[in-house]
Number of protein chains: 2
Amino acid sequence: MSEQTHKTSQSRRAFLRGAAATSAGALVAGSASANAKPDKLITAIQPWAQELGDGVDATPYGLPIEHEADVIRRNVPWLTADAISSINFTPIHALDGTITPQGCAFERHHSGAIDLKKEDYRLMINGLVDTPLVFTYADLERFPRENHVYFCECAANTGMEWAGAQLNGAQFTHGMIHNMEYSGVSLRTLLEEAGLGAAGDLKDKWVFVEGADASSNGRSIPMEKALDDVMIAFKANGEALRKEHGYPARLVVPGWEGNMWVKWIRRIEVMDQAVESREETSKYTDTLEDGTSRKWTWEMDAKSVVTSPSPQSPITHGKGPLVISGLAWSGRGAITRVDVSKDGGMTWETARLAKPGEPMALTRFYLDTDWNGEEMLLQSRAIDDTGYIQPTKTQLREVRGLNSIYHNNCIQTWLVSPNGEVENVEVS
Amino acid sequence: MSEQTHKTSQSRRAFLRGAAATSAGALVAGSASANAKPDKLITAIQPWAQELGDGVDATPYGLPIEHEADVIRRNVPWLTADAISSINFTPIHALDGTITPQGCAFERHHSGAIDLKKEDYRLMINGLVDTPLVFTYADLERFPRENHVYFCECAANTGMEWAGAQLNGAQFTHGMIHNMEYSGVSLRTLLEEAGLGAAGDLKDKWVFVEGADASSNGRSIPMEKALDDVMIAFKANGEALRKEHGYPARLVVPGWEGNMWVKWIRRIEVMDQAVESREETSKYTDTLEDGTSRKWTWEMDAKSVVTSPSPQSPITHGKGPLVISGLAWSGRGAITRVDVSKDGGMTWETARLAKPGEPMALTRFYLDTDWNGEEMLLQSRAIDDTGYIQPTKTQLREVRGLNSIYHNNCIQTWLVSPNGEVENVEVS
């Protein structure tokens with residue numbers, strides 16, 4: 001209804017003054033059946049104001065309203081041989097703010113999400129410790145707790161894009177990420193409980209962490225990181241971890257690749273070397289142009305993406321005021337600035353951060369602009385507090401070549417057409 | 001299994017050294033059927049490590065695992081005549097951290113939760129404005145957005161406790177509260193869009209806000225607050241508001257009583273006086289001892305509660321290390337300190353805040369202690385950045401008497417028995 005208004009408006013104020021006029025009619029139109037006559041419509045009371053709604057006993061635990069039924073995790077069947085060892089994607093194109101609800105936060109399993117009761121849960125700490133310990137879930141709840149908001153990004157996020165623009169939607173190009181408030185115990189506390197005297201000099205020591213699922217998903221973590229900020233988390237966004245997120249306890253490894261955030265954490269062994277397990281040799285390494293591979297590329301580099309407009313979130317309101325929004329994050333610290341380009345990186349505008357960036361957590365950015373229907377090559381570029389600047393795809397390929405799957409943090413480009421539709425493209 | 005260990009342990013380290021020994025057996029016991037023989041148990045592989053779990057296509061939108069089925073909103077049927085105009089309670093006794101998931105965040109409705117589609121949604125701004133405006137949902141999405149974490153507390157929270165200890169559980173005494181990250185547009189932006197020139201001097205002006213549900217739940221808000229930090233929110237914790245939280249848009253009135261956070265917000269009228277509607281005269285006022293009533297008691301005073309241990313979260317692990325945890329908040333600013341008493345307020349220990357308090361948001365506190373099985377009268381006392389100190393029930397009654405229902409922010413007392421059970425009691 002307000003297309004015409006938009007076409008003739010240049011400023012937000014002008015736009016809405018106009019919109020108001022047309023909307024007055026729209027208000028009425030929206031308030032009764034489309035076939036009713038105007039004179040009837042003026043006095044019509046909307047049906048939802050004439051009836052009683054649901055009582056407070058309707059949904060002891062609520063789900064999203066049916067009108068949001070498309071805002072769900074989605075998997076790409078052809079990506080993997082089986083959904084048991086696969087990934088699904090967070091619908092970041094439809095979310096705002098920074099917190100990811102557990103119900104739509106992406107999952108990655110190597111042998112499926114297992115059912116492990118709290119009473120059956122055990123965590124063993126062994127190896128080079130003074131006293132090997134086994135903790136029950138109830139034991140873990142008796143140690144001092146911490147609360148932190150951190151992002152968890154799969155190293156394969158954006159991995160399909162190395163060779164070119166492949167997947168059409170921010171959910172699929174950048175949706176292997178979520179951001180939650182974790183409550184749990186620091187790994188340092190548990191390691192000190194077992195005692196690290198037996199380990200001697202800690203600077204070259206490691207911990208090997210494994211999960212209780214059939215894959216066990218073993219990974220080695222340098223002791224320095226293990227004693228810094230790694231957590232054993234049992235709550236996310238206030239409530240128990242969901243089954244698919246590692247109930248009843250998972251490892252949280254702030255800023256580092258998601259594969260190390262071992263779910264259903266079962267054992268932590270202090271060792272004098274890295275295990276170099278399958279997950280850190282044949283997988284989660286980056287093969288370069290010359291055939292050699294980068295390994296132990298744990299830290300997730302600074303990265304960002306415009307979530308709206310994007311292929312799944314096109315511009316439907318025509319010309320005029322447009323909110324460009326997206327997410328930025330860095331595994332090395334806090335986001336200090338995000339720039340947005342409308343012309344494929346030739347010129348940049350500094351976006352507004354909804355809040356100052358927090359270390360190893362998602363940051364929401366906005367650029368409030370007017371769109372006059374021109375074609376746009378939309379990009380965002382993240383800068384973190386180490387001074388690191390998110391690279392272009394060309395810059396990344398110069399260093400890494402085309403053989404990599406993991407750790408693609410290059411600048412994403414969306415082509416916005418005059419009709420408001422958006423697609424995933426590559427600019428050289 | 002570790003009862004005996006606990007009885008003989010005095011320190012956390014001693015406790016866990018002991019627990020480890022017993023837990024080694026427990027690990028085995030937990031790893032196979034209770035009837036299997038020890039020699040078999042030693043080599044047993046847990047069933048959840050022998051089977052594949054759920055694939056990533058199992059739950060496009062996930063719910064909590066079945067083992068957490070009791071962590072839900074609960075209502076108290078005898079509190080109100082009908083569930084359509086009633087309240088349910090957040091299970092704060094079972095949550096940690098600060099974020100409340102929408103699915104278990106308390107609801108209060110006056111005529112039920114209505115089904116209002118985005119395409120049918122309209123927001124009118126009228127009254128003393130230069131240009132009355134009607135916004136569609138799509139219009140709202142085109143204004144600059146903000147993100148803030150705020151608590152929303154019903155003025156009736158803890159209201160049953162005026163006359164004495166009534167409800168046995170933190171969920172029921174203090175569960176009319178939730179804390180979410182809201183994304184939306186500031187009301188100031190929309191009022192300035194309509195233009196406030198026609199309102200003249202703004203200092204004595206008001207806005208009257210009403211919802212699209214049958215109750216309309218109209219409330220008056222002073223212009224000063226309306227132009228300060230009030231939001232029209234359309235996302236909570238990143239995703240669309242749930243139906244029961246006002247989908248597609250609700251008012252957010254930081255720090256002020258939940259009744260003013262009008263859901264399905266339909267109209268905002270700029271006026272030269274307060275309407276003094278039913279909701280601000282016959283309800284949401286506080287009748288004092290002499291029969292006169294306090295009105296316009298919008299700001300929620302500083303308050304706190306120990307969520308664990310509490311009646312629904314008793315001590316089940318026996319003597320030794322105990323984590324005392326709870327929530328604190330203030331409608332006037334940030335929480336700066338929380339004290340915890342084990343002896344009904346005779347002596348106090350300063351609790352550890354998980355993070356520095358944020359304005360008008362929940363703060364999580366912890367007290368890491370050793371419990372030797374003695375009876376405790378557990379209390380918490382919040383202090384905010386205005387210097388306000390949460391009062392005792394006696395202090396509150398001296399000022400307010402016993403006729404009030406709303407705005408009970410007094411110190412809560414839990415009686416912890418030697419067997420670990422907890423009940424709601426009153427201390428004089």
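Small disclaimer: the values here were computed from a predicted structure and weren't measured. (Residues numbered from 1 in each chain as written. Chains lettered and ligands numbered in written order. Predicted model: local features only at pLDDT ≥ 70, side-chain atom pairs only at ≥ 80, totals over all residues. Heavy atoms only, no water.)

1. Let's talk about the domain arrangement of chain A
Residue and element names in this part refer to chain A.
Line of reasoning, step 1. Taken domain by domain, chain A holds domain 1 (3-49), domain 2 (80-294) and domain 3 (303-425).
Line of reasoning, step 2. With centres defined by C-alpha atoms, the gap from domain 2 to domain 3 works out at 27 Å.
Line of reasoning, step 3. The interface is formed by 43 residues belonging to domain 2 together with 40 residues belonging to domain 3.
Line of reasoning, step 4. A buried area of about 3500 Å², summed over both sides, lies between domain 2 and domain 3, and 53% of it is on carbon and sulfur atoms.
Line of reasoning, step 5. When the buried surface of domain 2 facing domain 3 is broken down by residue, His93, Trp162 and His174 rank first, second and third, together holding 23% of it.
Line of reasoning, step 6. Remark: the boundary between domain 2 and domain 3 carries 2 salt bridges.
Line of reasoning, step 7. Arg364 is the partner of Asp96 in a salt bridge, and the nearest nitrogen-oxygen pair spans 3.5 Å. (Domains from an automatic or database assignment. Contact = heavy atoms within 4.5 Å. Buried area = accessible area lost by both parts, 1.4 Å probe. Salt bridge = Lys/Arg side-chain N within 4 Å of Asp/Glu carboxyl O.)

2. Here's the deal with the packing of aromatic side chains
Residue and element names in this part refer to chain A.
Line of reasoning, step 1. Enumeration over the complete set of coordinates arrives at 20 aromatic pairs over all chains.
Line of reasoning, step 2. Aromatic side chains Phe135 and Phe143 sit 5.8 Å apart centroid to centroid with 85 degrees between the ring planes, which places their arrangement in the edge-to-face category.
Line of reasoning, step 3. Taking relative accessible area as the criterion, Phe135 reaches 0% and is therefore assigned buried.
Line of reasoning, step 4. The exposure class of Phe143 is buried, given its relative accessible area of 0%.
Line of reasoning, step 5. Chaining the aromatic ring pairs together yields one cluster made of Trp206, Trp256, Trp296 and Trp298.
Line of reasoning, step 6. Positioned above the aromatic ring of Trp296 is the side chain of Lys295, whose terminal nitrogen or guanidinium carbon lies 4.2 Å from the ring centre. (Phe/Tyr/Trp six-rings, centres within 6.5 Å; stacked < 30°, edge-to-face > 60°. Buried < 20%, exposed > 50% of the residue type's maximum accessible area, 1.4 Å probe, protein only. Lys NZ or Arg CZ within 6 Å of the ring centre and 35° of its normal.)

3. Observations regarding the side chain of Glu280 of chain A
Residues and elements named next belong to chain A.
Line of reasoning, step 1. Position of Glu280 relative to the elements: it lies in helix H8 (residues 278-281).
Line of reasoning, step 2. Of the polar contacts made by the side chain of Glu280, one reaches the side chain of Ser220; its length is 3.0 Å.
Line of reasoning, step 3. With residues near it in sequence (within four places) discarded, Glu280 still touches Phe208, Gly218, Arg219, Ser220, Val275, Thr285, Lys295 and Trp296. (Helix = DSSP H or I, 4+ residues; strand = E, 2+ residues; numbered from the N terminus. Polar contact = N/O pair within 3.5 Å; in protein donor to acceptor, adjacent residues only side chain to side chain.)

4. Points about the sheet that holds strand E20 (residues 363-371) of chain B
Residues and elements named next belong to chain B.
Line of reasoning, step 1. The strand order E15-E16-E20-E19 describes an open sheet built from 4 strands, whose pairing is antiparallel. Edge positions in the sheet fall to strand E15 (303-308) and strand E19 (352-353), since each of these pairs with one other strand and no more.
Line of reasoning, step 2. Here 9 bridges tie strand E16 (residues 320-329) to E20, and the two strands are oriented antiparallel to one another. Across the sheet, the residue bridging to Leu322 is Thr369, located in E20. (Pairing = 2+ DSSP bridges.)

5. Brief notes about the side chain of Asn408 of chain A
Residues and elements named next belong to chain A.
Line of reasoning, step 1. Structurally, Asn408 is set in the loop between helix H9 (393-400) and strand E22 (413-416).
Line of reasoning, step 2. In this structure the side chain of Asn408 is engaged in a polar contact, spanning 3.2 Å, whose partner is the backbone oxygen of Thr158.
Line of reasoning, step 3. Not counting the four nearest positions on each side in its chain, Asn408 is found in contact with Asn157, Thr158, Glu161, Trp162, Lys303 and Leu396.

6. Details of the sheet that holds strand E21 (residues 376-384) of chain A
Residues and elements named next belong to chain A.
Line of reasoning, step 1. Spatially, 5 strands are ordered E18-E17-E21-E22-E23 in an open sheet, and the strand pairing comes out antiparallel. What marks the edges here is a single partner per strand, and that holds for strand E18 (349-350) and strand E23 (422-425).
Line of reasoning, step 2. Pairing of E21 with E22 involves 4 bridges; the strand directions are antiparallel. Residue pairing across strands places Gln379 opposite Thr413, the latter belonging to E22.

7. Concerning the environment of Thr336 of chain A
Line of reasoning, step 1. Within the secondary structure, Thr336 of chain A is located in strand E17 (residues 335-341).
Line of reasoning, step 2. When residues no more than four places from it in sequence are discounted, the contact partners of Thr336 of chain A are Leu353, Ile383, Asp384 and Asp385 of chain A.

8. Concerning the interface of chain B and chain A
Line of reasoning, step 1. Tallying the contact residues gives 110 residues for chain B and 109 residues for chain A.
Line of reasoning, step 2. Note on chain B versus chain A: buried area summed over both sides is about 9500 Å², and carbon and sulfur give 56% of it.
Line of reasoning, step 3. When the area that chain B buries against chain A is broken down by residue, the three leading residues are Trp48, Val56 and Arg142 of chain B, summing to 10%.
Line of reasoning, step 4. Our count for the chain B to chain A interface comes out at 8 salt bridges.
Line of reasoning, step 5. The partner of Glu68 of chain B in a salt bridge is Lys118 of chain A, with the nearest N and O atoms 3.2 Å apart.
Line of reasoning, step 6. Counting across the interface, chain B meets chain A through 48 residue pairs in polar contact (both at pLDDT 80 or more).
Line of reasoning, step 7. Here the side of chain B that touches chain A gets 10 residues from one element, more than from any other, and that element is helix H2 (residues 12-29) of chain B.
Line of reasoning, step 8. Counted by class, the side of chain B that touches chain A contains 46 nonpolar, 29 polar and 35 charged residues. (Nonpolar A, V, L, I, M, F, W, Y, C, P; charged D, E, K, R; others polar.)

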